[in-house]
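Single-letter residue listing:
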Amino acid sequence: MAVDALDLLPHPVLIADSDGHIEFANPVARSAFGTAVGRLLGDRPFRMAEVRTVGRGERIRVSHEGRAFDVSLAGLGGKRMLVSFFDVTDYVEKDITRSPKRSLNDLLDRKSFLARVHYAAARARSSGEILAVHFLDVDRFKLVNDTLGYAVGDRLLEKVAERIVAVCPPQTSIAHFASDEFAILQSRIAGAADAEGLAKRLVDVVGRTYVLDTQMVNVGLSVGIALSSPDAGSPDTLVRQADLALARAKRTGRGHFCFCEPSMMTEVAERRSMETDLRSALALKQLELHYQPQIDLAAGRTVGFEALLRWRHPLKGNISPALFIPLAEETKIIREIGDWVILTAAAEAARWPDPISVAVNVSPVQFQGKLVHTVASALQRSGLAPERFAIEITEGILLDESSDVLSILNQLKDLGVHVVIDDFGTGYSSLGYLRRFPFHKLKIDQSFIRSASDSRDCAMIVKAVAGLGKSLGIKTTAEGVETEMQLDYVRAEEVSEVQGYLTGRPMDAGSIGAFLAQEASRP
């Protein structure tokens, strides 16, 4: 093909070899792409600056400075190819701004939505316009599926989609990602106020009651918003920011909207760094156990210790369990760490005087692993009597209605270990579980102990739990006892045991012998 003929073509054309090195660009290509092509003439790789692949159909779709192009490739023999660009900006603009259909299935999918975001971001860089990406999540949707069935859930999503479409102005692109997840792209907005206005309308309208056949359904909507800016990162970053903002909105209490803030990106980076460090903390022996004594009020003596996990980072110092335990659970690292805690606590307790016991907190994630096998192995290796080992669980574990939870608890009981409900009264478990499974002990959360003197409600909860334990023959432990007044109060309510800074602070394994010796020397 003669190069002179290519100069006359009305659309941009390049000639490149199979490695992407550009040999030729016609005048229209030079005009359309400017220095983005000029810098790459000769033997440079075919990576046009500011030109990004944003989707694939029959041809490659790229965008440059707010213009969209379909690109086709044709072989010229050997290793050379003809690269032709066709401006489809007007077509794409019409496609983006048209009002989506009301059917859930006719909303954009994830891939198409991300393509819109990439195109709009490329256009915004040259025009200076502002974009907003909204991520939406229907609150309590899982509850609808679980209680009313998937058919009702599907009809609810159709109604939610209709309300989202009705609220959004024509220039928005609306997507349905999966289940109860939606996304919206706002183009050419004046600023944050426009995005906030849309989010408020969405939360209000989508959160109103739905009538589905004979069922009345109430759900809410959480919205995360990310705004583009001249110094913003890639379109992918904009999408990630909206997702982070959605997570923050849901943590706020659901039925809320939230803008992405720079601190959220910092938190993500710090979280990623902590995850990397946590994965190696066990191998580097940065984790250790401290033990807090549990005192029998009637005998006035230590009857056991609770094992508490500590992380001593060589650079960051002591990292709070409140920070790293949730991360360990989310990433499933807690299974490996939990196994180490069980094995280590059993080995340490085997050195203590009989019958002093040790209690280990167990995460719900560990119930999905080989918890029973790990406990059995720890008892066998250490030689610790099973009745001197206790597993502490939260009420949240009991929310799982599957037979697996009770099966695991019964297997632990068959081993001879004790099972304790930690922070009793703060969760949502049914009292029926106290009848269905022989728990050894109920631990009263420290928040009730701390507030019992000022709050009648907290005082009544402490009294009720202590009475419940006594009537059922289940021991009770008051956590967080820090003052003599609190100690006198729980003793008067006939709580079985106490645990707190007043009666013993957490200590390392090497300090337990001296603590017990000092206690034995008291009259």
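Being a predicted model, the structure only gives us computed values, none of them experimental. (Residues numbered from 1 in each chain as written. Predicted model: local features only at pLDDT ≥ 70, side-chain atom pairs only at ≥ 80, totals over all residues. Heavy atoms only, no water.)

> For this particular structure, what's the right way to read the sheet that holds strand β8 (residues 173–178)?
Two pairing modes exist for strands in a sheet, parallel and antiparallel, and in both the strands are linked by backbone hydrogen bonds. Read from one edge to the other, the open sheet built from five strands follows the order β8-β9-β7-β12-β13, with strand pairing classed as mixed. Of all strands in the sheet, those bounded by a partner on one side alone are β8 and β13 (257–259). Here the strands of the sheet are splayed against their neighbours by 20° on average, with no regard to which way each runs. Summarising the sheet, strand β7 (residues 130–139) and strand β9 (residues 181–189) pair through seven bridges and their orientation is antiparallel. Note that in β9 the partner of Leu 136 across the bridge is Phe 182. (Pairing = 2+ DSSP bridges. Helix = DSSP H or I, 4+ residues; strand = E, 2+ residues; numbered from the N terminus. Axes fitted to C-alpha atoms, helices over the stretch in contact; angles between N-to-C directions.)

> Got a minute to help me understand the pairing of strand β12 (residues 220–227) in this structure?
Moving residue by residue along a regular strand, the side chains alternate between the two faces of the sheet. Burial runs high along β12: seven of the eight residues are buried. As judged from the eight bridges shared by β7 and β12, these two strands associate in the antiparallel manner. What sits directly across from Leu 136, in β12, is Val 223. For β12 and β13, the ladder comprises three bridges, and the chain directions are parallel. Bridging from a neighbouring strand, Ile 225 pairs with Phe 259 of β13. (Buried < 20%, exposed > 50% of the residue type's maximum accessible area, 1.4 Å probe, protein only.)

> Whenever I open this one, helix α9 (residues 235–252) confuses me. Can you help?
Counting along an α-helix, one turn takes 3.6 residues, and residues three or four places apart therefore face a common direction. With 18 residues, α9 extends 26 Å from end C-alpha to end C-alpha; this agrees with the ideal 26 Å at 1.5 Å per step. Among all positions in α9, only Pro 235, Thr 237, Leu 238, Val 239, Gln 241, Ala 242, Ala 245, Leu 246, Arg 248 and Ala 249 are buried. Positioned one or two residues after α9, Gly 253 has a phi angle of 140°, which is positive. (Expected span 1.5 Å × (residues − 1).)

> Please clarify how the packing of aromatic side chains should be interpreted in this entry.
Any pair of aromatic rings gets described here by the distance separating the centres and the angle formed by the planes. Using the criterion set out here, one finds eight aromatic pairs in the structure. Ring geometry for Phe 135 against Phe 177: centres 5.6 Å apart, planes inclined by 90°, an arrangement best described as edge-to-face. One end of the pair, Phe 135, is in strand β7; the other, Phe 177, is in strand β8, with 42 residues separating them in the sequence. Taken individually, Phe 135 and Phe 177 each receive the classification buried, so the pair is uniform in this respect. In this arrangement the basic side chain of Arg 163 is found over the ring face of Tyr 210, its NZ or CZ atom lying 3.6 Å from the centre. (Phe/Tyr/Trp six-rings, centres within 6.5 Å; stacked < 30°, edge-to-face > 60°. Lys NZ or Arg CZ within 6 Å of the ring centre and 35° of its normal.)

> What should I look at first to understand the side chain of Ser 357 in this one?
Its location among the elements puts Ser 357 in strand β17 (residues 357–361). When near neighbours in sequence (up to four residues on either side) are disregarded, Ser 357 contacts Val 303, Gly 304, Phe 305, Trp 352 and Arg 388. (Contact = heavy atoms within 4.5 Å.)

> When you look at the pattern of salt bridges in this model, what are you seeing that I'm missing?
In a structure, side chains of opposite charge can pair up when their charged atoms sit close to one another. Scanning the model with the defined rule gives 19 salt bridges in all. A salt bridge links Lys 200 to Glu 196, with the nearest nitrogen and oxygen atoms 3.2 Å apart. Linking Lys 200 with Glu 196, this pair stays in helix α8 (residues 192–206), spanning four residues, or about one helical turn. For Glu 196, a relative accessible area of 29% puts it in the partly exposed group. The closest approach of N and O atoms between Arg 279 and Glu 275, which form a salt bridge, is 2.9 Å. Taken together, the residues Arg 279 and Glu 275, both in helix α10 (residues 262–281) and four residues apart, mark about one turn of the helix. Taking the relative accessible area as the measure of exposure, Glu 275 reaches 23% and is therefore partly exposed. Beyond isolated ion pairs, a larger network of salt bridges with shared partners links Glu 306, Glu 392, Lys 443 and Glu 479. (Salt bridge = Lys/Arg side-chain N within 4 Å of Asp/Glu carboxyl O.)

> Is there a simple way to think about the environment of Gly 78 in this case?
Residue position: Gly 78 is located in the loop between β5 (67–75) and β6 (80–87). Exposure remark for Gly 78: the relative accessible area of 83% places this residue in the exposed category. For Gly 78 and Asp 17, which are 61 residues apart along the polypeptide, the C-alpha to C-alpha distance reads 8.5 Å.

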